[in-house]
Amino acid sequence: MLRRRLNRLLGGDERRVDSRTIYVGHRSSSPSEAFIPPKFCDNRIVSSKYTVWNFLPKNLFEQFRRIANFYFLIIFLVQVIVDTPTSPVTSGLPLFFVITVTAIKQGYEDWLRHKADYEVNKYPVTVLEEGRKIRKESEKIKVGDVVEVEEDETFPCDLILLQSTRDDDTCFVTTASLDGESNHKTHYTVPDTEKDLDSLNATIECEQPQPDLYKFVGRMHIYKNEQEPAVRSLGPENLLLKGATLKNTQKIYGVAVYTGMETKMALNYQGKSQKRSAVEKSINAFLLVYLCILVSKALVCTTLKYVWQSKPGQDEPWYNEKTQREKDTNLYLKMFTDFLSFMVLFNFIIPVSMYVTVEMQKFLGSFFITWDKDFFDPEIKEGALVNTSDLNEELGQVEYVFTDKTGTLTQNNMEFIECCIDGFQYKYRDANSELDGLCVTDGPVNKVQQKAGREREELFLRALCLCHTVQVKEPTEQNQRDGLDQVDSFGVDSEVPHSPQEQTGFIASSPDEVALVKGAMRYGFTFLGLESKTMKILTRSNDVEMYELLHVLNFDPVRRRMSVIVRSKSGDTLLFCKGADSSIFPRVRQEEVERIRMNVERNATEGYRTLCVAYKYLSAEEYAQADAGLREARLSLQDREEKLITVYNQVETGMSLIGATAVEDRLQEEAAETMEALQGAGIKVWVLTGDKMETAKSTCYACRLFQRNTELLELTVRTLEDGGRRREERMHELLLEYHKKAVQDAPPVKGGVTRTWSSATQDYGFIIDGATLSMVLNPSSESNSSRYKNLFLQICQNCTSVLCCRMAPLQKAQIVKMVKNSKGSPITLSIGDGANDVSMILEAHVGIGIKGKEGRQAVRNSDYALPKLKHLKKLLLAHGHLYYVRIAHLVQYFFYKNLCFILPQFLYQFFCGYSQQPLYDAAYLTMYNICFTSMPILAYSLLEQHICMEVLLDNSTLYRDIAKNAMLRWGPFLYWTLLGVFHGLLFFFGVRYLFSNPALQDNGQVFGNWSYGTIVFTVLVFTVTLKLALDTRHWTWINHFVIWGSLAFYMFFSFFWGGIIWPFLRQQRLYFVFANMLSSVSAWLVIILLILLSLLPEILLVVFRKPRGPHARQKKPVQSSVGGNQSPRSSARPLLMRTFSDESNTII
Amino acid sequence: MVKEEQELANRPDNTAFTQQRLPAWQPMLSAGIVIPGFVLIGLAFIGIGVALFVTSRSIQVLEFDYTGVEQNSPCFNCTGQKVSTCVCNLDFSVDSPITGTVFFYYGLSNFFQNFRKYSVSKDDSQLYGDTDYFKSPSVTCSPYDYDSNKQPIVPCGSIANSMFNDTFKLFNINGTKADLVPFDGKGIAWWTDYNIKYKNPSIELLKNAFNNTVKPIFWFKPAYELDTSDPDNNGFINQDFLVWMRRAALPNFRKLYRRINKGLPRGNYSLEIAYNYPVLSFNGRKKVVFSNVSWMGGRNEFLGLAYLVIGSMCVFMSIVMLIVYAKFKFPEED
């Protein structure tokens, strides 16, 4: 007992320290010590939130944490406790409805999760226990168990790979279900572990569970018969993640390190932070206004009630004596209860159903994005993906688009274009015959002017073949064995123009590498594959060369280079390094740089991605030193990354430059058109890229983000070095200069006017690089920080496009954050496809992932995922615009219809002695928002197209009409509120004057108060529904059905409700009231009159607004025929406009 | 083959609904529709308005306040004393005969039948004739549920208790001869109230149902003696009682008292009022109204005027629009 408690205590302690120790197979490290198994959580996955027992309380608690639900609960409780005018049912029923629907939905989702959990937890697995194989349920796996996994099975928990049936101690894995990357990844066994797992005596020390899928640090101590324990480093390449699938490998054994909820997969399931849309903020603001209206109404009524009662005879007329209890109640308590009663009476002004309708609209509306067949890409066979439906309307409000360059603006489909060896340019011409001929000949490929020495050429090509992490894709599992033969046969048969290798292809994390390897292949050097640490390449002379791969110095975006250390057959140890010019040049001998630099810069301006290649020979001592350093760094548990980078930097010095490569990255389809449409829509496009400035700039020109007459304001390391003074001073100077140019000299900016009018002014483009940006954001003295930032922001805001190059992923997010928090808090959108864009996707208001080639991380973290950049245009201009208009109208309409619902009730208080007498029957109060008026607005908010999609797509300027939350600003809100007040007044007083003589029938009988309320209510229902009908510009059969249907339902319900003596009602208030009302001609006439009078101003407004309307409409066809989506800017340049309008005509 | 299927599975459905291309009617409110529409609506409204106005004007109304506040008022005497039965006579003459059925209303002002507490102060089950509720009236009837001796009050509640109890007799004065004008008290309440919503307990002798109950405090007679002459007008289905129980919407209201089927010919009349109902304590007024009705009900000029005003506004707006469009729109279209 004590021991167990102690264990638990130790386990608890264990969790707090930085690392955990795992005993492989639960065998203690030394037999002398008593083995106390550390306590870890079991392998049960619990993704469900509730159990049968706690579902009700927990779910209710969660639901009532929402402010709105809580408000309605309070109202309900007040109704139950205090004697209030309306029965608790009126607010209880809608609340119950909402809560039940949500609970059922969440319960169902949770049931699905339970089912999935059950399947996962009960999945049978094989565990090695003391030499025997035991079948177990997956949930019973404990940390330290040795687990056997067969081909095509998923790993039941996070395992360290101990043994594989493959000869080279590797296994292949796909992580498709984790990050969507469907390529096979190679994982390695821990080197030098014993083949006999039963006698393996080892402990693993590794970090505490953390969610990063691509990081793992640990080390393994292997104990062998009283020897000094051997230590092996463990990295992500040894870790098999739960959820991944074993491929191309018969069987593996691994030891469980993280189980159950501590696996990386489970840790990654935790929800992302919720983004809230600007519309939601507007709703909350309006809600506050209505809450104020509500409270002030209640206050006014309470005050007037007591003023009125102070007159003699009014407080307690003889016909309405108070009960003894009422007389005894304290005056202030009475006042307070009265106040609460009024609150309850008017509480319908904030409708519970609005939240439901808004959420339904968002949820259902988002389907239209996934359903849109225009977003379907036949290449990847996928359409758009909606990860959150909360941000639909935000798509119509975007002011800044931050786009990644590679894979987003460009296709990330790399093609080797040319290379330069020792300053001589080699261009590859895409002609098969020529290629073959040249490949076979020994001469240099396509000699342009002169050629470099043959040795240098071959060294360069060898470098390309060796310095990468590319894998050769194994075609099928049967072919695995004879893969070599195949390659061999190819080697002999050199006439084959395209090897099977090229067709089956290479797999790499970055397409650049594949392009380079393929490029080298075209020049005659083929990479045959990596087998048990040996790289094989086929040279021009058809020799197979073998290199032992000693170390890979991985690529990372900070170093911007990667290296390999190989040992050739002759015993030379070589280091090959490739990377961005900026990171290579300082590390090579300077005299070599100049020859290459010129070529690199020329290539960059042409829009190619350039890489420089360097090498060095390592002497035995040098290698020994590097090897030791690398091993040591790899074994360290803390700060491994930093230590590794330090060693890398030490090794990668004093190299000599061989050459450079140029790889073309083609623009995405319709990239330029999309960018133009965005700019036409008044959206500012910023390109944030890790690429170098020249390349990025040329891409910008190609995308027409910069135009020929755009004046570029450059703030990069290059411009800063001109003056020879301190960089920061120079930067400040430049900032001021640009500020003067772009901000001060520019004509005064005023809202929307300049947006369309800016055509006459000069365009500016701004370029900044990562180094300078960090100087702007973190200057040496704190005081300048905000000043620089402001200057920078102001300049950027006045530029049409901004290019930020050489950005680290975090800097991208910093920029987005800076713009997001700037004045006016503009809505930002980030679009990217790679892991380096995740931070900015998460940071921006709307994050869009492109389903590109760099894995699925961006897609997983995005709010919306699209197959291509070109789809962004429709997503924003059509879907975004419509969603915004729909939801804005929905919100305004909801407030309006509840204001004119409650206002007559408020006014009635003045005629009933402030006694909280409700005007409408309880059934009407309850049903108004649930049944009578909810469906038409929901249908409207799903189907409305006030302007049809084609027109929206053709006229990007229409997007500006709704910019800056135009339909939910205080102006429109005031309009709707006034409309509600007008209607409310009209309904009440119209009927009031009719009732000055309540004898409304030809038999002389009189109508009572429920008739009064029913007439008002009928007018109300018809008016608000017809008002919506007037606003509907797009009548599908659904709209017809729902609008006329809900009016018919109202009539039917009223007849039904008043036609029967309901046994459960204490008072049959509405018995035959509705039918009697309809038998009165006067009631009919007043209903028609009031409906028409309420709607007339609306019709007039539409008509008088018209002169502008047809204008726009008449111009539309003209505009679209001139140029689909020209920005207003271009109208200033007729020539340019003509050229590209012609272009776009041909394209469209 | 498999690939194709997969493609089909992933490809979004190409239906009009999913692609947001449902066939739709896109109404445009153009001047060509709105102007004639306005003219038509305007003319129709003016027509209805004229009809309403003329009808309303043709309805004759005689209205007399008999509260007795003023010294010269015939009922002044009844206001001061605390006599339970005070009778006063209101003399008037009819100059132009009121034709058709004349409806005789009584009116009260500053009387809030729509007080919330007041309006729920009744027991519908009791009034539906359920004798179980005779013994224990609903709590909403408080303080008129039990009398001081803890006897249940039937019918309970403020509404029943405060039933209007002035009675009227109309005499046609011909010189010295006074002829009683016959009143018709049938069908002055809603048909459904009389036949369905209110029921007397189904007991042979109505009185027996009321054993161990007391009449409302304010009443002179118990419910089963409201109209002893006509058993179909007694108890809870007494027409006056039903009229009172249908509560007025506003504090100034009138309720139907009787019909005079033969109309009121020219002549002098005297209305004998049994003045019982106190109103001065809450500053109320009492009045009687003689009126005939038309298809639109009683006299109400508001409706006719409103129709006329809005009709002419429509016509006016259409003229304005016509001018606006003639100036700005039409040349552009050429």
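Everything discussed here concerns the structure shown above.
Quantities reported herein were computed from a predicted structural model and do not represent experimental measurements.

Describe the side chain of A:Asn1009, listing the residues and the values that go with them.
By the secondary structure assignment, A:Asn1009 is in helix α37 (residues 1009-1031). Excluding its chain neighbours within four sequence positions, the residues that come into contact with A:Asn1009 are A:Tyr908, A:Gln917, B:Arg247, B:Ala248 and B:Ala249.

Describe the environment of A:Phe911, and please don't skip the residues or the numbers.
As for its position among the elements, A:Phe911 is in the loop between α32 (871-908) and α33 (922-932). By relative accessible area, A:Phe911 is classed as buried at 18%. In this structure the C-alpha to C-alpha distance between A:Phe911 and A:Arg992, which are 81 residues apart in sequence, comes to 9.7 Å. Setting aside its immediate chain neighbours within four residues, A:Phe911 contacts A:Phe988, A:Phe989, A:Arg992, B:Phe112, B:Asn114, B:Leu250 and B:Pro251.

Describe the pairing of strand β2 (residues 86-94) of chain B, naming the residues involved and giving the relevant values.
Residue and element names in this part refer to chain B. Every second residue of β2 is oriented toward a common face, the buried set being Cys 86, Cys 88, Leu 90, Phe 92 and Val 94 and the non-buried set Val 87, Asn 89, Asp 91 and Ser 93. With nine bridges joining them, β2 and strand β7 (residues 267-275) adopt antiparallel strand pairing. Opposite Asp 91, over in β7, you have Ser 270 as the bridge partner.

Pulling in residues and values, what's your account of the interface of chain A and chain B?
Taken together, the contacts link 100 residues of chain A with 89 residues of chain B. Carbon and sulfur atoms supply 61% of the area buried between chain A and chain B, which totals about 8,400 Å² over both sides. Applying the counting criterion to the chain A and chain B interface returns two salt bridges. B:Arg21 is the partner of A:Glu950 in a salt bridge, and the nearest nitrogen-oxygen pair spans 2.6 Å. Scanning the region where chain A abuts chain B turns up 31 residue pairs in polar contact (both at pLDDT 80 or more). When residues in the side of chain A that touches chain B are grouped by element, the largest group, 14 residues, is from helix α40 (residues 1081-1105) of chain A. Residue composition of the side of chain A that touches chain B, grouped by class: 48 nonpolar, 33 polar and 19 charged.

Which residues make up the packing of α32(A) against helix α34 (residues 934-943) of chain A, and what values go with them?
All names here are of chain A. Relative orientation of the contacting elements α32 and α34 amounts to 160°, with a least axis distance of 8 Å. Between α32 and α34, the crossing angle belongs to the class labelled roughly antiparallel. For the pair α32 and α34, the sense of crossing is right-handed. Of the residues in α34, those in contact with Arg 886, His 889, Leu 890, Tyr 893, Phe 894 and Lys 897 of α32 are Ser 934, Ile 937, Tyr 940, Ser 941, Leu 942 and Leu 943. A breakdown of the residues in the contact of α32 with α34 according to their chemical character gives seven nonpolar, three polar and two charged.

Tell me what's going on with the sheet that holds strand β22 (residues 544-556) of chain A, and back it up with residues and numbers.
Residue and element names in this part refer to chain A. What the nine strands build is an open sheet, ordered β17-β16-β26-β25-β24-β23-β22-β21-β20; its pairing is antiparallel. Two strands in the sheet have a free side with no partner beyond their single neighbour: β17 (424-427) and β20 (526-531). Pairwise comparison of adjacent strand axes, ignoring direction, gives a mean angle of 30° for this sheet. Two strands pair when backbone bridges link them, and β22 and strand β23 (residues 561-568) are joined in this way by seven bridges, in the antiparallel orientation. Directly across from Leu 553, in β23, lies its bridge partner Ser 563. Sitting on the sheet, helix α14 (residues 454-466) touches β16 (410-421), β17, β20, β21 (534-538), β22, β23, β24 (573-579), β25 (608-618) and β26 (656-667), and the angle it makes with β26 is about 55°. Each of β16, β20, β23, β24, β25 and β26 touches helix α17 (residues 511-522); the most contacted strand, β16, lies at about 45° to it.

Could you give an account of the packing of aromatic side chains, naming the residues involved and the relevant values?
Within a pair of aromatic rings, the relevant descriptors are the distance that separates the centres and the angle that separates the planes. Following the criterion strictly, the structure yields 106 aromatic pairs over all chains and no others. With a centroid separation of 5.7 Å and an interplanar angle of 35°, the aromatic rings of A:Tyr993 and B:Phe302 are classed as tilted. With A:Tyr993 in helix α36 (residues 970-994) and B:Phe302 in helix α11 (residues 301-328), this residue pair bridges two chains. Take A:Tyr993: its relative accessible area is 44%, and that puts it in the partly exposed class. The cationic tip of A:Arg886 hangs over the ring face of A:Tyr883; the distance from NZ or CZ to the ring centre is 5.5 Å. The cationic tip of B:Arg254 hangs over the ring face of B:Tyr105; the distance from NZ or CZ to the ring centre is 5.7 Å.

Could you give an account of the nonpolar core, naming the residues involved and the relevant values?
With 200 residues, the main nonpolar core has A:Phe995, A:Phe1017, B:Phe168, B:Trp244, B:Leu271 and B:Phe290 as its most contacted residues. If you tally residues by element for this core, the top one is α32(A), at 18 residues. Look past the residues within four positions of B:Phe168 in its chain and what remains in contact with it is B:Tyr66, B:Phe104, B:Tyr106, B:Phe183, B:Tyr257, B:Leu271, B:Glu272, B:Ile273 and B:Val288. In this structure, A:Leu869, A:Leu876, A:Val1042 and B:Leu22 belong to the second largest nonpolar core, which totals 48 residues.

Before we move on, can you summarise the state of the cysteines with the specific residues and values?
If you walk through the whole model with that rule in mind, you get three disulfides over all chains. Here B:Cys78 pairs with B:Cys86 through a disulfide, and the sulfurs are 1.7 Å apart. Handedness here is read from the sign of the S-S torsion; for B:Cys78 and B:Cys86, about -70°, the answer is left-handed. The two residues B:Cys78 and B:Cys86 agree in class, both being buried. The cysteine A:Cys41 is free of any disulfide, with A:Cys157 supplying the nearest cysteine sulfur at 10 Å. Note on A:Cys41: relative accessible area 23%, which makes it partly exposed. A:Cys700 takes part in no disulfide bond, and the closest cysteine sulfur, belonging to A:Cys703, lies 6.7 Å away.

So, how was this worked out
Residues numbered from 1 in each chain as written. Chains lettered and ligands numbered in written order. Predicted model: local features only at pLDDT ≥ 70, side-chain atom pairs only at ≥ 80, totals over all residues. Heavy atoms only, no water. Helix = DSSP H or I, 4+ residues; strand = E, 2+ residues; numbered from the N terminus. Contact = heavy atoms within 4.5 Å. Buried < 20%, exposed > 50% of the residue type's maximum accessible area, 1.4 Å probe, protein only. Pairing = 2+ DSSP bridges. Buried area = accessible area lost by both parts, 1.4 Å probe. Salt bridge = Lys/Arg side-chain N within 4 Å of Asp/Glu carboxyl O. Polar contact = N/O pair within 3.5 Å; in protein donor to acceptor, adjacent residues only side chain to side chain. Nonpolar A, V, L, I, M, F, W, Y, C, P; charged D, E, K, R; others polar. Axes fitted to C-alpha atoms, helices over the stretch in contact; angles between N-to-C directions. Parallel < 35°, antiparallel > 145°, perpendicular 65-115°, else oblique. Left-handed = near helix turned anticlockwise from the far one by under 90°. Phe/Tyr/Trp six-rings, centres within 6.5 Å; stacked < 30°, edge-to-face > 60°. Lys NZ or Arg CZ within 6 Å of the ring centre and 35° of its normal. Core = buried A, V, L, I, M, F, W, Y, C linked by side-chain atoms within 4.5 Å. Disulfide = S-S within 2.5 Å.

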